[in-house]
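# Residue-level structure breakdown
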Amino acid sequence: MSGEAPPRSIAVGISGASGALYAVRTLASLLERELHVELVVSDYGRRLLRDELGEQATVEGLLPFLIQKYGAGAGRGTLKLHSNRDLGASIASGSHRCAGMVIVPCSMKTLAGIAHGLSRNLMERAADVMLKERRRLVLVPRESPMSLTQLRNMVLCAEAGATLLPAMPAFYQRPKTLDDLADFMAGKILSALGFEHDLYPEWTGRVGG
Ligand SMILES: Cc1cc2nc3c(=O)[nH]c(=O)nc-3n(C[C@H](O)[C@H](O)[C@H](O)COP(=O)(O)O)c2cc1C
């Protein structure tokens, strides 16, 4: 990783694709680094959090949920929740000092909105801001199989400067639990945002090394 000072403020979007576990692991890992997180969750993102993680995984109760699941370290950072309908929120402007953004998971709908610069809600607008300001934008799409339209939308986002980091956990680190898989994805996301981490072991040239 580069030696530059780490950014202090990161935006996180949670949209309505499967993979809420990746979102909460990523959030906890950012907060453990004493970062300020600007959080925006779509309506279906809210639904998927509860569908996949249980009734206690509400957006409003996310910080206690993260601390209960990942430990007190998740309380080191600060979390600001924005309404996805508030296009006047801080992260809607390039003048706001936010070093990067990840949308995890990223639905095909939100992906399409970003690919075509629609800015229909705060999540899409904040992503658009990252692209125009040449800041890091990491998109974690999840869909299978993918249509040609969806593939083309990913190409458009990549051409505009986003990092496409599909929700494709690896198995060479021999995961034993779902949390091991989520750790791997969160680690990939942190790397793409420019942070060091120990969420998965560095590849040494052989499995288990
Ligand atoms: C249980 C459930 C699972 C879903 N999984 C996915 C998914 O993995 N990928 C995807 O692109 N959309 C998925 N969807 C559909 C999106 O939630 C839907 O397109 C929604 O409009 C996305 O809106 P958003 O991008 O504003 O969150 C799922 C919906 C539900 C209810």
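Located above this text is the structure these notes cover.
As the structure is a computational prediction, the values presented were derived from the model and not from experiment. (Residues numbered from 1 in each chain as written. Predicted model: local features only at pLDDT ≥ 70, side-chain atom pairs only at ≥ 80, totals over all residues. Heavy atoms only, no water.)

## Some details on the overall build of the protein
Quick note on the threshold: Strands are runs of DSSP state E lasting at least 2 residues, helices are runs of H or I lasting at least 4, and numbering of each runs from the N terminus. This radius of gyration counts C-alpha atoms alone. The globule rule is 2.2 Å times how many residues there are, raised to the power 0.38. Note on classification: 1.4 Å probe, protein chains only; a residue is buried when its accessible area is under 20% of the maximum for its type, exposed when over 50%, partly exposed between these limits. In what follows, a contact means two residues having at least one pair of non-hydrogen atoms within 4.5 Å. Per-residue and other accessible areas were derived by the Shrake-Rupley procedure at a 1.4 Å probe size, with only the shown protein chains allowed to occlude residues.
Secondary structure assignment for the protein yields seven helices and six strands. The order of α-helices and β-strands along the protein, N terminus first, is β-α-β-α-α-β-β-α-α-β-α-β-α. Relative to a compact globule of 209 residues, whose C-alpha radius of gyration would be 17 Å, the protein shows 16 Å and is just as compact. Projected onto its principal axes, the C-alpha positions of the protein cover 45 × 40 × 40 Å. Evaluated residue by residue, the protein yields a buried proportion of 49% over its 209 residues. Long-range pairs, those at least 24 residues apart, make up 75% of the contacts in the protein between residues at least 6 apart in sequence. For the protein, the exposed area adds up to about 10100 Å²; of that, 51% sits on carbon and sulfur atoms.

## Some details on the packing of helix 4 (residues 108-115) against helix 6 (residues 148-160)
The following threshold applies: Angular values range over 0 to 180 degrees, each being the angle between N-to-C directions of two axes fitted as lines to C-alpha atoms, with helices fitted over their stretch in contact. Comment on the angle field: the value is read as roughly parallel under 35 degrees, roughly antiparallel over 145, roughly perpendicular from 65 to 115, and oblique elsewhere. Left-handed is the label given to a crossing in which the near helix is rotated counterclockwise from the far helix by less than a right angle, and right-handed is the label when the rotation is clockwise. Side-chain classes are defined by residue name, with Ala, Val, Leu, Ile, Met, Phe, Trp, Tyr, Cys and Pro counting as nonpolar, Asp, Glu, Lys and Arg as charged, and the others, Gly among them, as polar.
Between helix 4 and helix 6, the least distance of the axes is 9 Å, while the angle of their chain directions is 45°. For the element pair helix 4 / helix 6, the angle class is oblique. Along this stretch, helix 4 crosses helix 6, giving a crossing that reads as left-handed. Residues Met108, Leu111, Ala112, Ile114 and Ala115 of helix 4 pack against Gln150, Asn153, Met154, Leu156 and Cys157 of helix 6. A breakdown of the residues in the contact of helix 4 with helix 6 according to their chemical character gives eight nonpolar, two polar and no charged.

## Section: the site of the ligand
The cut-off we apply is this: Here a residue counts as near a molecule or strand whenever at least one of its heavy atoms sits within 4 Å of it. Polar contact criterion, stated in full: a pair of N or O atoms within 3.5 Å, where within protein one must be able to donate a hydrogen and the other to accept it, and residues adjacent in sequence count only if both atoms are side-chain atoms.
The environment of the ligand is formed by 14 residues, the closest being Gly16, Ser42, Ser107, Thr110 and Arg142. Take serine 107: an N or O atom from its side chain is 2.5 Å from an oxygen atom of the ligand. Contact between the ligand and arginine 142: a nitrogen atom at 2.7 Å from a main-chain N or O atom of the residue. Contact with the protein chains covers 72% of the free accessible surface of the ligand, which is 640 Å². At the level of secondary structure, the elements contributing two or more residues to the shell around the ligand comprise helix 2 (43-53) and helix 4. Looking at the shell around the ligand residue by residue, the class counts come to four nonpolar, six polar and four charged.

## As for helix 3 (residues 62-70)
Here is the rule: Think of the arc as the fan of directions from the helix axis to the C-beta atoms.
Buried within helix 3 we find Leu62, Phe65, Leu66 and Tyr70. Down the axis, helix 3 shows its buried residues gathered within 100° of arc, on one side only. In helix 3, the exposed positions that point more than 90 degrees away from the buried face belong to Pro64 and Gln68. Taken together, the buried residues of helix 3 touch helix 1 (20-32), strand 2 (36-41), helix 2 and helix 7 (178-193).

## Quick notes on the side chain of asparagine 153
Assignment of secondary structure puts asparagine 153 in helix 6. Residue class for asparagine 153 comes out buried when judged on its relative accessible area of 5%. In terms of polar contacts, asparagine 153 uses its side chain to reach the side chain of histidine 116, at 2.9 Å. Setting aside residues no more than four positions away along its own chain, asparagine 153 makes contact with Leu111, Ala112, Ala115 and His116.

## Considerations on the sheet that holds strand 4 (residues 100-106)
Put simply, the rule reads: When DSSP finds at least two bridges between two strands, those strands are taken to pair.
An order of 3-2-1-4-5-6 is seen for the six strands of this open sheet, with the pairing classed as parallel. Only two strands of the sheet have a single partner each, and these edge strands are strand 3 (78-82) and strand 6 (163-164). Note: strand 2 against strand 3, five bridges, orientation parallel. Its bridge partner lying in strand 3, histidine 36 is registered against threonine 78. Sitting on the sheet, helix 4 touches strand 4, strand 5 (136-141) and strand 6, and the angle it makes with strand 4 is about 140°.

## Here we look at the side chain of asparagine 84
Of note, asparagine 84 is situated in the loop between strand 3 and strand 4. Given a relative accessible area of 11%, asparagine 84 falls into the buried group. Among the polar contacts made by the side chain of asparagine 84, one reaches the main-chain amide nitrogen of methionine 123 at a distance of 2.9 Å. When sequence neighbours within four positions are dropped, the list of residues in contact with asparagine 84 reads Val40, Val41, Ser42, Asn121, Leu122 and Met123.

Don't take any of this as a statement about function, it's just geometry.
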